[in-house]
Amino acid sequence: MPCVSDPGATLVDYCIKNDIDYDVLPGANAVLTAYAMSGFTHTTFSFHGFLDHKGASRASKLNEILNDNKLAILYESPHRLSKLLEELNKLEPSRTIFLAKEITKLHQTTYKNTASILYEEFKSINIRGEWVVVIEPKEITGTHLELKDIQDLDLAPKIKAKLISKLTGQSTKEVYQQLLDTI
């Protein structure tokens, strides 16, 4: 599959611009293969290719990945995998990570564990080959608003009545009167 972190995009673009017939046939693709192999049950993911080598842009991108509610899939070179595992261990040691090496090749190997365990394990592994990294999404908590959440807020009764009305389906007037009765 050309174009997935691959210079094939240049060739395809050249063919289009020069009216040259071309075809793309589906085949082995490390992104989708790693996604399928990972065992994560999430149905959405984002692909990030290779992270920048260093600097603020790398840190910013990694922060974005770790705060996303989708699986993140990226590629990493063998000489930078240790650095990525160290960063993940510092930022999110309990986050589950799936690593796949040399997908569809003779030395294909996979690992799945927390960032902290993988970081320790990989200190003694001779890291070679091409790597795909799948990072568990951030668990979003507290997204469900409950009636008690609104009742406990220090708000004017009229505003509180409107919020409770939206949540319960009761009329705003009715809720407002109930609030006044309890004051």
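Scroll up to find the structure.
This write-up is about the structure you can find in this document. (Residues numbered from 1 in each chain as written. Predicted model: local features only at pLDDT ≥ 70, side-chain atom pairs only at ≥ 80, totals over all residues. Heavy atoms only, no water.)

**Here we look at the side chain of Arg-58**
Within the element layout of this structure, Arg-58 appears in helix 3 (residues 56–66). Arg-58 gets classed as buried once you look at its relative accessible area, which sits at 2%. Discounting residues that sit within four places of it in the chain, Arg-58 has contacts with Leu-51, Asp-52, His-53, Glu-76, Arg-80, Lys-83, Leu-84 and Glu-87. (Helix = DSSP H or I, 4+ residues; strand = E, 2+ residues; numbered from the N terminus. Buried < 20%, exposed > 50% of the residue type's maximum accessible area, 1.4 Å probe, protein only. Contact = heavy atoms within 4.5 Å.)

**So, the environment of Gly-39**
The topology assignment puts Gly-39 in the loop between helix 2 (30–38) and strand 1 (45–50). In this structure Gly-39 comes out as exposed when scored by relative accessible area, which is 52%. As a C-alpha pair, Gly-39 and Pro-26 span 13 residues in sequence and 22 Å in three-dimensional space.

**Side note on the environment of Ile-159**
Its place among the elements puts Ile-159 in helix 7 (residues 157–168). According to the relative accessible area criterion, Ile-159 is partly exposed, its value standing at 46%. Sequence separation between Ile-159 and Tyr-176 is 17 residues, and the spatial gap between their C-alpha atoms is 8.9 Å.

**Regarding the packing of aromatic side chains**
Applying the stated criterion across every chain yields a total of six aromatic pairs. Consider the rings of Tyr-35 and Phe-45, whose centres lie 4.8 Å apart with planes at 40°: the pair is tilted. Of this pair, Tyr-35 sits in helix 2 while Phe-45 is found in strand 1, placing the two residues ten residues apart along the sequence. You can call Tyr-35 partly exposed: its relative accessible area is 21%. Relative accessible area serves as the criterion here: at 28%, Phe-45 is assigned to the partly exposed category. Aromatic pair Tyr-111 and Phe-122: ring centres 4.8 Å apart, planes at 70°, arrangement edge-to-face. On the criterion of sequence distance, the pair formed by Tyr-111 in strand 4 (residues 109–114) and Phe-122 in helix 5 (residues 115–122) is long-range, its members being eleven residues apart. No difference in accessibility class separates Tyr-111 from Phe-122, as the two residues are buried. (Phe/Tyr/Trp six-rings, centres within 6.5 Å; stacked < 30°, edge-to-face > 60°.)

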